[in-house]
Amino acid sequence: MIPLCLPAIVLWMCSARTVQAQGDFETYFEPKSLRIDFALSGNRASQSAALVQLREEPVWAGTVKNCTDPFNYGGYYINVYAKDRKLIYSRGFNTLFEEWRTTDGALTQTQSWTNSISVPYPAQTVQVELLARERSTQRFVSLMTLEVDPQSISIDRSPLPSLQTVELQTKGLPAEKVDLVFLPEGYTEAEMDKFDADARRFTEALFRTPPYDRRADDFNVRAVHLPSAESGVDLSGRGIYRQTALNAGFYTFGIDRYLTTRDMKSIRDAVWNVPCDAIFILVNSDLYGGGGMYNFYAIGTADNERTVRVFVHELGHSFAGLADEYFQSEVAYNDFYDLGAEPWEPNITTLVDFDRKWKDLLAADTPVPTPAEAPYADKVGVFEGGGYLEKGIYRPADHCTMRDMSGFCPVCQRAILQMIDFMTGK
C-alpha cells in the first residue's frame, strides 16, 4: 500500500528449493501454463482452500532455468512435485485475502475470496500443493493438495477472447526477460489511445528509476486493451460506482487511498494468451491511490501528480516483495507483523534474525539500532519504524521509495536486481 502522506518534499522448503537447469524444465513441463483458480475461505482464526477450476493456457513466460524459488517470500507458496516427490517448481505470492484476515472484519465474519496462480504446464501427472505461512512461526502449512493429470478432461481448454496487445518494448524471448503487462481499468474503448500513451509514460519513467535504469534491456513491456463500459473507478466511500472491466475501487478495507480489486478471474482472463510475469493495472483517474501484492498484481492511477512514484512504489511490492517502510499512516490492519518473528520481506527486520537481512551492507561503525540523525542520513542502517509500526520493526534507510517515494535505498535496489536476475535466468 502507498503511504498516506509524503514528507516534505515448512523449514523443509528452504532446503528443497534448489536452482534447476533448463533441461529439467524440458523434462517436466511443456511451454504453456496451468492456471489454478482457487478459493481462500476463513477468518482471523483460520483459513482453508478449495479448487475452483484448472485451465490450460497457451503461454509460459516465466523463467525456464530457475524453476524453484530461492527467496522464501510471500504469505503463500505453490509447489509442484513429480511422481517421485521431487520439487520441480515453486513460487511464493501474496493475496488481498491475507490482508483482510488482519482487519477488524475478520474477527466477526467468515469470507471466501477467489484467487488465481499459474504454473508451467506439466508433461506428466504431478502433485500440486498450496501452502500458507503461519504468522507466529513463519513456517508454511499445507492448505490444499491436488493430483493433476495433464490429459484430464476436467481441465478447461476453451479459448478466451484474444485482446489487442500493444508491444511497448520487446527485448527478447519471454523466458529470458521480465514480461511486464499493463492492464487498463476504467478506460472506455474511445480512451484506448490515452491508455497506450499512459502506459508508455509509465514505462519510460520506470526505466529512468534506479536500479531499473540499468536493466531496461531485461524487460519486455506490453499493454493489453481491455475496455470498460464507463470511465473512472468505484469510490464506494462517496457512493460512486462505475461499470469497469476489473471491478477495482478505492476505499479497500475502508481506507480511502487503498485502491484494489478482488476480481482475479478477470485479470487472469485478460492475459490468458499474453506473456506475463508482472501485472500493473493502470486506472483512469487523477486521484491519489494504489496497491500492490507480491507476485499477484500492482495497481495505481494514471493522472495524479504523484502517479509515477506510486507506480514504482507499488511495483516494489508486487515484483520484488518489498514491504512498506512507513509507520505513521492510517491502515486497516491489526498486528500485521508478529514482532517475535523475522518478517520475510527483504527490507524490514525485527532483529530476530537480522543476519539474513542486510547486515552485510552495514558499515562497521554503524550502531544497531541506528539513530535517525545527520551522521547516518545517507547510510544503510537499522532505523526504527516500518511495516506500519513505530516500534519493534526496523528499516534499512531513513528515506526510501518504500517509505516516502524518495528513491530506492541500496537494500531495496539489491532485492530488485536479485529478482530481475532470477526472472531472467541469470
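Not measured: the values here are computed from a predicted model.

Participant: Any details on unusual backbone geometry? Residues and values, ideally.
Facilitator: Each neighbour pair has its own omega, and for Pro210 with Pro211 the value is 5 degrees, a cis peptide bond. Its location among the elements puts Pro211 in the loop between helix 5 (192–206) and strand 10 (219–224). With omega at -5 degrees, the peptide bond leading from Val368 into Pro369 counts as cis. As for its position among the elements, Pro369 is in the loop between helix 7 (307–320) and strand 16 (383–386). Backbone geometry at Asn295 places phi at a positive 55 degrees, although glycine is not the residue there. Within the fold, Asn295 resides in the loop between strand 14 (290–293) and strand 15 (297–301). Not every positive phi belongs to a glycine, and Leu351 is a case in point at roughly 70 degrees. Judged by relative accessible area, which is 31%, Leu351 ranks as partly exposed.

Participant: For the environment of Pro227, give the residues involved together with the corresponding values.
Facilitator: Tracing the chain through its elements places Pro227 in the loop between strand 10 and strand 11 (234–235). You can call Pro227 partly exposed: its relative accessible area is 32%. Expressed as a C-alpha distance, the spacing of Pro227 and Gln138, which sit 89 residues apart in the sequence, is 41 Å. Contacts of Pro227, omitting those with residues within four sequence positions, involve Tyr187, Thr188, Glu189, Met192 and Ala245.

Participant: For the sheet that holds strand 1 (residues 29–42), give the residues involved together with the corresponding values.
Facilitator: What the three strands build is an open sheet, ordered 2-1-5; its pairing is antiparallel. Every interior strand has two partners, whereas the edge strands, strand 2 (47–57) and strand 5 (111–122), have only one. Each strand of the sheet is rotated relative to its neighbour by a mean of 20 degrees, with strand direction disregarded. Strand direction decides the pairing type here: strand 1 and strand 2, joined by 10 bridges, are antiparallel. Each residue of the ladder has a partner; that of Ser33, found in strand 2, is Glu57.

Participant: Tell me about the pairing of strand 15, residues and numbers included.
Facilitator: Counted residue by residue, strand 15 has five buried out of five residues, so it is predominantly covered. Alternating positions in strand 15 separate into two faces, Tyr297, Ile299 and Thr301 on one and Ala298 and Gly300 on the other, with burial throughout. Where strand 14 folds back onto strand 15 in an antiparallel hairpin, the turn is made up of three residues, including Asn295, whose phi is positive at roughly 55 degrees.

Participant: Account for the environment of Trp60, naming residues and giving values.
Facilitator: Of note, Trp60 is situated in the loop between strand 2 and strand 3 (76–81). Along the backbone, Trp60 and Ser118 are 58 residues apart, and their C-alpha atoms lie at a distance of 8.8 Å. Those residues in contact with Trp60, other than ones at most four positions away along the chain, are Phe25, Pro31, Lys32, Ser33, Tyr89, Ser118, Val119 and Pro120. Only 3.2 Å separates the side chain of Trp60 from the backbone oxygen of Gly62, close enough to count as a polar contact.

Participant: Got a sec to walk through the packing of helix 5 against helix 7? Specific residues and values, please.
Facilitator: Helix 7 packs onto helix 5 with a crossing angle of 65 degrees between their chain directions and a minimal axis gap of 10 Å. Comparing the axis directions of helix 5 and helix 7 gives the class roughly perpendicular. Between helix 5 and helix 7 the crossing geometry is right-handed. Contacts between helix 5 and helix 7 involve Arg201, Phe202, Ala205 and Leu206 on the former and, on the latter, Thr307, Val308, Phe311 and Leu315. Across the contact of helix 5 with helix 7, the residue classes break down as six nonpolar, one polar and one charged.

Participant: Talk me through the confidence of the model for the chain; I want residue IDs and the actual numbers.
Facilitator: Put simply, the chain has an average pLDDT of 93, and 95% of its residues get 70 or more. Counted against residues more than four places away or in other chains, residues 5–21, with its pLDDT under 50, gives 42 contacts.

The rules we used
Residues numbered from 1 in each chain as written. Predicted model: local features only at pLDDT ≥ 70, side-chain atom pairs only at ≥ 80, totals over all residues. Heavy atoms only, no water. Helix = DSSP H or I, 4+ residues; strand = E, 2+ residues; numbered from the N terminus. Buried < 20%, exposed > 50% of the residue type's maximum accessible area, 1.4 Å probe, protein only. Contact = heavy atoms within 4.5 Å. Pairing = 2+ DSSP bridges. Axes fitted to C-alpha atoms, helices over the stretch in contact; angles between N-to-C directions. Polar contact = N/O pair within 3.5 Å; in protein donor to acceptor, adjacent residues only side chain to side chain. Parallel < 35°, antiparallel > 145°, perpendicular 65-115°, else oblique. Left-handed = near helix turned anticlockwise from the far one by under 90°. Nonpolar A, V, L, I, M, F, W, Y, C, P; charged D, E, K, R; others polar. pLDDT = per-residue confidence, 0-100.

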